Structure formats: C-alpha cells, structure tokens
Amino acid sequence: MRNTPDYIHPLKPGMYCLQELAPKYEGEYSLPEDGHIPPRVEERNHWYYQGLLVELGKARNYKTYVPAQDKNRTFGNQKLGDVCDTTRLPNFGYQNFMRRARTVDVIWFNRRGMPAKMFEVEMSTDMLNSLSKFNELRDFYTHLKIVAPATRQNHFVDRIGMDTFHEIRGRVEFMGIDELEKRYIAGRW
C-alpha cells in the first residue's frame, strides 16, 4: 500500500508486519515480485477481497450477498457466509436473471431488495466471464465493478472494448485492489 509508514512492511495485499519482523514472515506471506500469484494465495486473496467488499457494503447499510459456493471460504478468522447478510438472493427478477446473478462475487442490495452494486473479483482469470454476467444483467439499474490488481487494468480495457460489451461499456468500472484497500481502511466508499 502506498503511504505506508517506514516501520510497516507489506507482506501481501491487506497483510502487514513491523519492518523488524519482515524476515521472519516474508517468505511465508509475500507475493512474488513478477506479479504471478500462486494458486493457493490467489484463492485466499479472492475471498479476502470479497470479504472487504462485504464489510464495506454492510458499513454503508446495504444487505450483502456472496454466492452459496463461497460461504465456507475464509475471510480472516471467519467464513464469508458468516460475514455477509445472505447467500440466498432476494427474488428481484426473472429466473434467468436470478441464475446469472447467483454467481456474482458480491452484491449489495438496497432497502427494497434490488441490486445496487455488483462486484466481480478478478485476480488472474480472463474477465470475459465477469463481463458476460454484467452484460446479461444490464437492464438492472445497478453499478458494476471489476475489482482486480492494477496491473490487470489493460486486460480490462481490452475486454470491455469488445463490441459484445458496447451496451455496458460506460457502466462497468475498474477498481484496483489497492484502491479497495484504501477505501476499506478509510471506511469510505
């Protein structure tokens, strides 16, 4: 994270230690410098970012959702299913929309049970699947965000630029994981 005090050492996104303890923990927790994320760490980070999004949504008084298949994944010392409000979608549309929405990584619902914001966390996979989900759900008045490492922004720009996504191009935003962490730490959205 940028603007981190000199006595703090970043181990991985969202995990830090005192500079003097860095040699002890660095090998176990650090991500490689070249940007390739080992699968074990990638999965943990995916769920970690889902958890951050859930907590931010709850702080903003949204009802939060993660897919049922992720409810037993860990976020810190908790399960995502225990952190979010629900792993069952409110019935906000036709079944074909519900089937697709059920797979979105995190959804924030407004007080009327309608999706206000949808998030897809993309650590390393092709963003086509996430963008396809958003494209199928484009008729809902909701904010759409891809959350990924900043180094993947060019991949996002390339994919969202495809003609297939012309209807959602102006609605889907990219957010780097560093920005998400800053907002989480600051408690703002």
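All chains use their own residue numbering, which begins from 1 and follows the written sequence. Restriction of local features to residues with pLDDT of at least 70 applies here, the model being predicted, together with a cutoff of 80 or more for giving and counting side-chain atom pairs; totals for whole chains, interfaces and linings are based on all residues. Where side-chain values are given, they derive from all heavy atoms of the structure, hydrogens and water being excluded.

Some details on a nonpolar patch on the surface
Taken together, the side chains of Y7, L18 and L21 make up a nonpolar region of the molecular surface, amounting to roughly 290 Å² of accessible area. Among the secondary structure elements, L21 is positioned in the loop between β2 (15-18) and α1 (22-29). Residues with no salt bridge and a relative accessible area higher than 30% make up the patches, which join like charges within 9 Å and nonpolar side chains (Val, Leu, Ile, Met, Phe, Trp, Tyr) within 5 Å. Computed by Shrake-Rupley with a 1.4 Å probe, the accessible areas treat only the displayed protein chains as cover when residues are assessed. The working definition used for a salt bridge is a side-chain nitrogen of Lys or Arg within 4 Å of a carboxyl oxygen of Asp or Glu. Runs of H or I in DSSP of at least four residues are treated as helices and runs of E of at least two as strands, each being numbered from the N terminus.

With respect to helix α7 (residues 177-186)
One turn of an α-helix holds 3.6 residues; hence residues three or four places apart share an orientation. Here the term buried applies to any residue with accessible area under 20% of the maximum for its type, exposed to any over 50%, and partly exposed to those in between, with areas from a 1.4 Å probe on protein chains only. Those residues of α7 not exposed but buried are I177, L180, E181 and R183. Along α7, the residues classed as buried sweep out an arc of 165° about the axis, all on the same side. In this context, the arc is that of the directions from the helix axis out to the C-beta atoms.

Focus: the sheet that holds strand β6 (residues 106-109)
Taking strand neighbours across the sheet as the criterion, the five strands line up as β3-β6-β7-β8-β9 in an open arrangement whose pairing is mixed. The open sheet has two free edges, formed respectively by β3 (63-65) and β9 (172-176), since each of these has just one partner strand. The sheet shows a mean angle of 20° between the axes of neighbouring strands, direction not considered. When DSSP finds two or more bridges between a pair of strands, those strands are recorded as paired. Bridge count between strand β8 (residues 143-148) and β9: five bridges; the pairing is parallel. Residue V147 lies in a different strand from β9, and its bridge partner there is M175. Any two residues whose heavy atoms approach within 4.5 Å are treated as being in contact. The angle between two axes is taken between their N-to-C directions and runs from 0 to 180 degrees, where each axis is a line fitted to C-alpha atoms and a helix contributes only its stretch in contact. Here helix α6 (residues 153-160) sits on the sheet and contacts β8 and β9; the angle it forms with β9, its principal contact strand, is near 170°.

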